[in-house]
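Results of the structural survey
The primary structure of each chain is shown beneath.
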Amino acid sequence: MSTIAVLGAGKIGESLLSGLINAGHATEKLLFTERHQQRAEELTERYGVRNVDIADAVGQADVLVVSVKPQDIEPLLELIALLVTPEKLVVTLCAGLPTELFERRFAAGTPVVRVMPNTPMLVGEAMSAVSAGTHATDSHLETVEEMLGSVGRVVRIPESQQDAVTALSGSGPAYFFYLVEAMIDAGILLGLPRAVAAELIVQSAVGSAAMLREGEGHPVIMREGVTSPGGTTISGVRELEKHGVRAALIDAIEAAHSRSVELGAKHRSGPSEADD
Ligand SMILES: NC(=O)c1ccc[n+]([C@@H]2O[C@H](COP(=O)([O-])OP(=O)(O)OC[C@H]3O[C@@H](n4cnc5c(N)ncnc54)[C@H](OP(=O)(O)O)[C@@H]3O)[C@@H](O)[C@H]2O)c1
C-alpha cells in the first residue's frame, strides 16, 4: 500500500483523504500538509491522519497529491521542487495547470499525472479524468485510478482533452445546480412551499441520474418515456426549444472551454491554443 501525502487539505484534499479511509486505506499511510494549525488539528481529530511539514511529506510519501488552489502553486513548487525525486509520483488536482509546469520544476524523469476532479468528490461521487505527463507510465495511471476510484468514477484521457473535461464535468455540477435552482423557483411560482419544491426536484434529479447511470437507453429514449402525445411534458419541452435552452447549454460549455484554454495558456511553454 502506497503512502499518500495530500499537499493542501482543503475541500477536495479532505474529500480524498476521507474517501481513501472509507475505502480501507490505512491511516498511518496517509499524510497531509496544511497552512493553518487549527485546520490541521481538526483534520487529525476527524480522520486520525498525520499532519506533517512539507519536507516530511515529500520524504515519506510515494504519492504526492497537489491540492492547493492554482494561484497558490508557485510558493508550493518553490518549497518542493528540489526535494522531489523521480521515484515519487506527483498527482496534480489543480485546474488548468499543465503537467509540463511541474515537469519543468522537478528532477528530470519525475512522473506527473494530471487530474480534473469535480465537487461531488465531497459525497464520494466525483467524476475525475486523468492524463499522463511525459514520464508517467500505465502503472502510475493505475495507481491514480485506484486512488480516485475510492471517491467516484475515473476516465483516462489525453492531456489535450483536459480543457474539454474542465468545461463538461469540472463545471458541470454548477449547471445542474443552476437547473435545479430554476426548477425550484418554478415550483414556488406555482404556489408550492420551498421545502416541498426542493424535495420534489432534488429527488427527481437523483432518480433521473440513477436511470441514466443504470439504464441501457439513450437520454432521448428516457425523455420520450415521459413525453406522451398531447400531454403535459411535450408542452413544456416546446417552451424549452422555443427559448433555445439546448443551444444555450452548448454555448455555455463552449464558453467554459474557451476560458479554460485561456487560463491555461500562461502556464504552457510553447505557442498556446489561445493564440491559434
Ligand atoms: N473545488 C472544486 O470544484 C474543484 C474542482 C476541480 C478541481 N479543483 C482543484 O482542486 C484544488 C483544490 O481545490 P479546493 O476547492 O479544495 O481548494 P481549497 O479548499 O482552497 O483547498 C486548498 C487548501 O490548500 C491549502 N494550502 C495552500 N497553499 C498551501 C501550502 N503551500 N502548503 C499547504 N497547504 C496549502 C489552503 O490553505 P488556505 O486556507 O490558507 O488557503 C487550503 O486549505 C485546486 O487546485 C482546484 O483547482 C477543485
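Residues numbered from 1 in each chain as written. Predicted model: local features only at pLDDT ≥ 70, side-chain atom pairs only at ≥ 80, totals over all residues. Heavy atoms only, no water.

1. Some remarks on the site of the ligand
Around the ligand, a shell composed of 20 residues is seen, among which I12, E34, R35, H36 and V68 lie nearest. Contact distances for the ligand include 3.0 Å between an oxygen atom and a backbone N or O atom of K11. One nitrogen or oxygen atom from the main chain of A95 is found 3.0 Å from an oxygen atom belonging to the ligand. For the ligand, the protein covers 82% of the area, taking 890 Å² as the surface of the free molecule. Under a 2 Å grid-point criterion requiring more than half of the atoms, the pocket assigned to the ligand is the second largest pocket. When the residues that make up the shell around the ligand are grouped by side-chain class, the tally is nine nonpolar, six polar and five charged. (Near = heavy atom within 4 Å. Polar contact = N/O pair within 3.5 Å; in protein donor to acceptor, adjacent residues only side chain to side chain. Areas by Shrake-Rupley, 256 points an atom, 1.4 Å probe, with all protein chains shown as cover. 1 Å grid on protein atoms, 1.4 Å probe; cavity = no way out; pocket = protein on both sides within 12 Å on 5 of 7 lines; lining within 4 Å. Sits in = over half its atoms within 2 Å of the grid points. Nonpolar A, V, L, I, M, F, W, Y, C, P; charged D, E, K, R; others polar.)

2. Digging into the UniProt feature "domain: Pyrroline-5-carboxylate reductase catalytic N-terminal" (unreviewed entry) in the chain
Within the UniProt annotation, "domain: Pyrroline-5-carboxylate reductase catalytic N-terminal" (unreviewed entry) is assigned to residues 3-95. Across residues 3-95, helical content stands at 41% and strand content at 19%; the span's end C-alpha atoms are separated by 24 Å. (UniProt positions renumbered as here; feature names shortened; annotations may be inferred. Helix = DSSP H or I, 4+ residues; strand = E, 2+ residues; numbered from the N terminus.)

3. Quick notes on the packing of helix α7 (residues 162-170) against helix α8 (residues 172-189)
Between α7 and α8, whose axes approach to 5 Å, the crossing angle comes to 30 degrees. As the angle between them shows, α7 and α8 are arranged roughly parallel. Judged by residue contacts, A167, L168, S169 and G170 of α7 engage G172, P173 and Y175 from α8. For the contact of α7 with α8, the per-class residue count stands at four nonpolar, three polar and no charged. (Axes fitted to C-alpha atoms, helices over the stretch in contact; angles between N-to-C directions. Parallel < 35°, antiparallel > 145°, perpendicular 65-115°, else oblique. Contact = heavy atoms within 4.5 Å.)

4. A word on the sheet that holds strand β6 (residues 112-116)
Strands in a sheet are paired, the pairing made by backbone hydrogen bonds, and the direction either parallel or antiparallel. Strand order in the open sheet made by the eight strands is β3-β2-β1-β4-β5-β6-β7-β8, with mixed pairing throughout. The outermost strands of the open sheet, each flanked by one partner alone, are β3 (50-51) and β8 (152-156). Where strand β1 (residues 4-7) meets strand β2 (residues 30-33), four bridges bridge the pair, whose relative direction is parallel. Bridging across to β2, V6 finds its partner in F32. In the packing of helix α6 (residues 138-149) onto the sheet, the strands contacted are β1, β4 (63-66), β5 (89-92), β6, β7 (126-132) and β8, and the crossing angle to β8 comes to about 160 degrees. (Pairing = 2+ DSSP bridges.)

5. Let's talk about the side chain of S131
Tracing the backbone through its elements, the reader meets S131 in strand β7. With relative accessibility at 0%, the residue S131 sits in the buried group. Here S131 is in contact with V112, V113, R114, L141, I157, P158, E159 and Q162, once residues within four sequence places are set aside. (Buried < 20%, exposed > 50% of the residue type's maximum accessible area, 1.4 Å probe, protein only.)

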